[in-house]
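# Structural features, examined
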Number of protein chains: 2
Amino acid sequence: MDRGEILAAPKNFEVLRELILERRRELPKRLAQVAAFALDHPDEIAFGTAASIAGAADVQPSTLVRFSQAFGFDGFSALQTVFRARLRERNSSYEDRLAELESGDAAPAGSAAILGSFIAAAHRSLDNLGTAIDPKRFESATITLASARTIHLIARRRSYPIATYMAYALSQLKIRCQIAGTASGIDDDLLAMADPGDAAFAISFSSYAPETIAQASALAARGIPIVSLTDSAFSPLAECSTVWFELVEADHAGFRSLSASMAFAMALAVAIAEERRRTQN
Amino acid sequence: MDRGEILAAPKNFEVLRELILERRRELPKRLAQVAAFALDHPDEIAFGTAASIAGAADVQPSTLVRFSQAFGFDGFSALQTVFRARLRERNSSYEDRLAELESGDAAPAGSAAILGSFIAAAHRSLDNLGTAIDPKRFESATITLASARTIHLIARRRSYPIATYMAYALSQLKIRCQIAGTASGIDDDLLAMADPGDAAFAISFSSYAPETIAQASALAARGIPIVSLTDSAFSPLAECSTVWFELVEADHAGFRSLSASMAFAMALAVAIAEERRRTQN
DNA sequence: CCGCGCGTAGAATAATTCTTCCAAATTCGG
DNA sequence: CCGAATTTGGAAGAATTATTCTACGCGCGG
């Protein structure tokens, strides 16, 4: 059996893929059959059971095990793990870079690795943003906010920078807005003056700031439409919102940047401006 | 057991998700816990085993089965199938969607297209960030700021949100910082108290805010090291800085989001904390 | 034409994983 | 404060799934 191949099992899908392509010709018939199937239907491998995959590829389950072992895996399950990992991290290229940076004993100094991680995390967040946001809801949020006389921005702590940015962008776009979250005392008074012709955009993540929730639901109770950005469908913000979006920022060691949220915020601001231009002219 | 719920198990993830959201209030504690976990970590459910998921969600495996049955499934496996199907679909259409987004103003409705453009722009910005930042300079910036007693954050207008975010992050990391840019009058006084043991991080883009430049150069003149983030080597900020970084955010129709800057800011904050931890312990 | 070796199928076995069940704990209504 | 109903934890068992093993078939060289 040992033709000198102590090849370590690749733990990265791309590498495995290359390896399979490379060795495809020299494999025996049934193993080649498995190889072809694996590259053509990676999802099937990721999710199926040995029996179901064997059926689909028209081989015996044991052939799958032998195939796996031929590539250095312990058994079929180990190989399957690689196929699953690929689906988990759905943007493989960025993920690779991250892995390189983190495992890189070429040791690009500590801080550079941290930067790399945050870049990778931001890429992931953006990908997630693209798939997680329902265009229709985005459209409807846009319309809601575009038809408001004044847009109230509600955010604290980690979300606060997003609100300040939107305040800046909206002002530039000549859209009236009012930011809550500065000097605690004044906020509530300002929000008390909000009338039903207004609308609010609230942002709150993770350990939800009580003031944000309180202010948002107070406005909601008075019939003011709320659009919100949060990180869980269970967020208390979601409850009182007319339209809400779930956005989970990927993290590096627990620290999250706001890259995707910023892209979202900016897109929303510009979309609102577009909508206004369209309807008012 | 039957409280009249002969509800058919949803076969499609979206429907299931809605159903979970709808019924979450009336669920008992542990089942609610599972519900939250399921919606927050759908991938985990898709891939894990009952035992591993139960561990992650901090419940018993049997609770997962009960949860599944409460939603009309035969058992946990049946529910898991729905989560897997979702990943499969998403993954297959993922390349398509990305292609749509990047090919620019293609099809999707107005506001969704805007969001897509901003996402694509943010991706480009991040790529650019990865290649444009010199690891050595990043390292040196980290060290400079890590050895400061207090870090002064200087930013206005469009850059201001970055400063507020860093202020938040640094506080969380127990690093003393002082933000300039709030009430104009006070800023200069606060900065006047800065001593040579401090350092500053200044951010300014494009049409450089005069106050930012003025404050940065005033500090520089007093021998306080300045790290800066700007968008051109010719920026007036670069002149008076000890270390500076050039970061150009890609734009959509002239509007820029701050995605890459946010990733940079967060990385810098964490790198500073790491550096402090390393040198002080 | 015969024997040798590699590859394969299929069943038996071993391991893992899901499900069921019941006692203990909790909650809710009286 | 008590009792009934519901929910929960945990472990035993049922089912599924992966792996191993042995015998058979096929091709190749002697």
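Please read these numbers as outputs of a predicted model, since none were measured by experiment.

Glancing now at the overall build of chain A. On a plain count of helices and strands, chain A comes out with 14 helices and seven strands. Long-range contacts, defined here as pairs at least 24 residues apart, represent 69% of the contacts in chain A between residues at least 6 apart. When the accessible surface of chain A is summed, it comes to about 12,200 Å², and 52% of that surface belongs to carbon and sulfur atoms.

All names here are of chain A. An order of β2-β1-β3-β4-β5 is seen for the five strands of this open sheet, with the pairing classed as parallel. Since the sheet does not close on itself, it has two edges, and those belong to β2 (177–180) and β5 (243–246), each with one partner. When strand polarity is set aside, the average angle formed by the axes of neighbouring strands in this sheet is 15 degrees. When strand β3 (residues 199–204) meets strand β4 (residues 226–230), the two strands line up parallel, connected through five bridges. If you follow Ile203 over to β4, its bridge partner there is Leu229. Contacts from helix α9 (residues 135–146) reach β1 (151–155), β3, β4 and β5 within the one sheet, and its direction differs from that of β5 by about 130 degrees.

Another point: unusual backbone geometry. Residues and elements named next belong to chain A. For Asp58, which is not glycine, the phi dihedral falls at a positive 60 degrees. By the element assignment, Asp58 lies in the loop between α4 (50–57) and α5 (61–70). Residue classification places Asp58 among the exposed residues on the basis of a relative accessible area of 58%.

Quick look at the protein's contact with DNA strand D now. Around DNA strand D sit 18 residues in total, of which Ala50 and Phe76 of chain A together with Arg30, Gln60 and Ser62 of chain B are the nearest. Note that a phosphate oxygen of DNA strand D is positioned 2.6 Å from one of the backbone N or O atoms of Ala50 of chain A. Between DNA strand D and the protein, one listed contact pairs a phosphate oxygen with a side-chain N or O atom of Gln60 of chain B at 2.6 Å. For the surface near DNA strand D, the elements supplying multiple residues, two or more each, are α4, α5 and α6 (76–88) of chain A together with α2 (29–40) and α5 (61–70) of chain B. Taken together, the residues of the surface near DNA strand D sort by class into six nonpolar, eight polar and four charged.

Time to look at a negative patch on the surface. On the surface, a cluster of negative charge is contributed by Asp134 of chain A together with Glu14, Glu18 and Glu22 of chain B. Here Glu18 of chain B lies in helix α1 (residues 13–23).

Residue and element names in this part refer to chain B. On the basis of which strands lie adjacent, the open sheet formed by five strands has the order β2-β1-β3-β4-β5 and parallel pairing. Looking at strand neighbours, the two that pair on one side only are β2 (177–180) and β5 (243–246), the edges of this open sheet. Neighbour-to-neighbour, the strand axes of this sheet turn through a mean angle of 15 degrees, independent of strand direction. Running at roughly 135 degrees to β5, helix α8 (residues 135–146) makes contact with β1 (151–154), β3 (199–204), β4 (226–230) and β5 of the sheet.

Moving on, we come to the environment of Ala78 of chain B. Residues and elements named next belong to chain B. Mapping Ala78 onto the fold places it in helix α6 (residues 76–102). On the basis of relative accessibility, which here comes to 29%, the residue Ala78 falls in the partly exposed class. Spatially, the C-alpha atom of Ala78 lies 9.7 Å from that of Val65, the residues being 13 residues apart in sequence.

Time to look at the side chain of Arg24 of chain B. By the secondary structure assignment, Arg24 of chain B is in the loop between α1 and α2. Here Arg24 of chain B is buried and forms no salt bridge, its nearest opposite-charge partner Glu239 of chain A lying at an N-O distance of 4.0 Å. Of the polar contacts made by the side chain of Arg24 of chain B, one reaches the backbone oxygen of Ala233 of chain A; its length is 3.4 Å. Other than its neighbours up to four places away in sequence, Arg24 of chain B contacts Ala233, Phe234 and Glu239 of chain A together with Ala32 of chain B.

This paragraph deals with empty space enclosed by the protein. Residues and elements named next belong to chain A. Tallied over the entire structure, the rule returns one cavity of 30 Å³ or more. Lining the largest cavity, in full, are Val34, Ala38, Ile45, Leu64, Phe67, Ser68, Phe76 and Leu79. Residue assignment for the lining of the largest cavity shows that the elements contributing at least two residues are α2 (29–40), α5 and α6. Considering every element that reaches the lining of the largest cavity, the biggest residue donor is α5, with three residues.

Let us look at the protein's contact with DNA strand C. Contacts to DNA strand C come from 16 residues, most closely from Arg30 and Gln60 of chain A together with Ala50, Gln69 and Phe76 of chain B. Each atom of DNA strand C within 4 Å of the protein was assigned to sugar, phosphate or base; sugar and phosphate come to 82%. Within the backbone of Lys29 of chain A, one N or O atom sits 3.5 Å away from a phosphate oxygen of DNA strand C. Residue composition of the surface near DNA strand C, grouped by class: five nonpolar, eight polar and three charged.

All names here are of chain A. Of the residues in chain A, 85% reach a pLDDT of 70 or more, and the chain-wide mean stands at 83. The spread of mean pLDDT over the elements of chain A runs between helix α7 (residues 92–103), the lowest at 43, and β4, the highest at 96. Confidence drops under a pLDDT of 50 for residues 1–6, and excluding neighbours within four residues, the segment shows three contacts in the predicted structure.

A separate point is the interface of chain B and chain A. How big an interface is tends to be stated in terms of accessible area lost as the parts join. Each partner contributes to the interface: chain B provides 60 residues, whereas chain A provides 59 residues. In this assembly, chain B packs against chain A so that about 5,500 Å² is buried in total across both faces, 69% of it on carbon and sulfur atoms. On the surface where chain B and chain A come into contact, there are two salt bridges. For Arg25 of chain B, the salt bridge is made with Glu239 of chain A, and the minimal N-O distance between the two is 3.2 Å. Joining chain B to chain A, the criterion identifies 13 residue pairs in polar contact (both at pLDDT 80 or more). Of the residues contributing to the side of chain B that touches chain A, the split by class is 35 nonpolar, nine polar and 16 charged.

Here we come to the pairing of β4 of chain B. All names here are of chain B. With respect to burial, β4 is a largely interior element, five of its five residues being buried. Along β4, one buried face is formed by Ile226, Ser228 and Thr230 and the opposite face, lined by Val227 and Leu229, is buried too. Of the crossover connections in this fold, the one passing from β3 over helix α11 (residues 210–221) to the parallel β4 is right-handed. Looking at chain direction, β4 and β5 are connected through four bridges and run parallel. Pairing of Ser228 across the sheet is with Trp244, part of β5.

What counts and what doesn't
- Residues numbered from 1 in each chain as written.
- Chains lettered and ligands numbered in written order.
- Predicted model: local features only at pLDDT ≥ 70, side-chain atom pairs only at ≥ 80, totals over all residues.
- Heavy atoms only, no water.
- Helix = DSSP H or I, 4+ residues; strand = E, 2+ residues; numbered from the N terminus.
- Contact = heavy atoms within 4.5 Å.
- Areas by Shrake-Rupley, 256 points an atom, 1.4 Å probe, with all protein chains shown as cover.
- Pairing = 2+ DSSP bridges.
- Axes fitted to C-alpha atoms, helices over the stretch in contact; angles between N-to-C directions.
- Buried < 20%, exposed > 50% of the residue type's maximum accessible area, 1.4 Å probe, protein only.
- Near = heavy atom within 4 Å.
- Polar contact = N/O pair within 3.5 Å; in protein donor to acceptor, adjacent residues only side chain to side chain.
- Nonpolar A, V, L, I, M, F, W, Y, C, P; charged D, E, K, R; others polar.
- Patch = residues over 30% accessible without salt bridge, like charges linked within 9 Å, V, L, I, M, F, W, Y side chains within 5 Å.
- Salt bridge = Lys/Arg side-chain N within 4 Å of Asp/Glu carboxyl O.
- Lys, Arg positive; Asp, Glu negative; His and termini not counted.
- Charge placed at Lys NZ, Arg CZ, Asp CG, Glu CD.
- 1 Å grid on protein atoms, 1.4 Å probe; cavity = no way out; pocket = protein on both sides within 12 Å on 5 of 7 lines; lining within 4 Å.
- Points joined across faces, edges and corners; volume = space filled by probe spheres on them.
- pLDDT = per-residue confidence, 0-100.
- Buried area = accessible area lost by both parts, 1.4 Å probe.
- Right-handed = clockwise from strand over helix to strand, strands pointing away.

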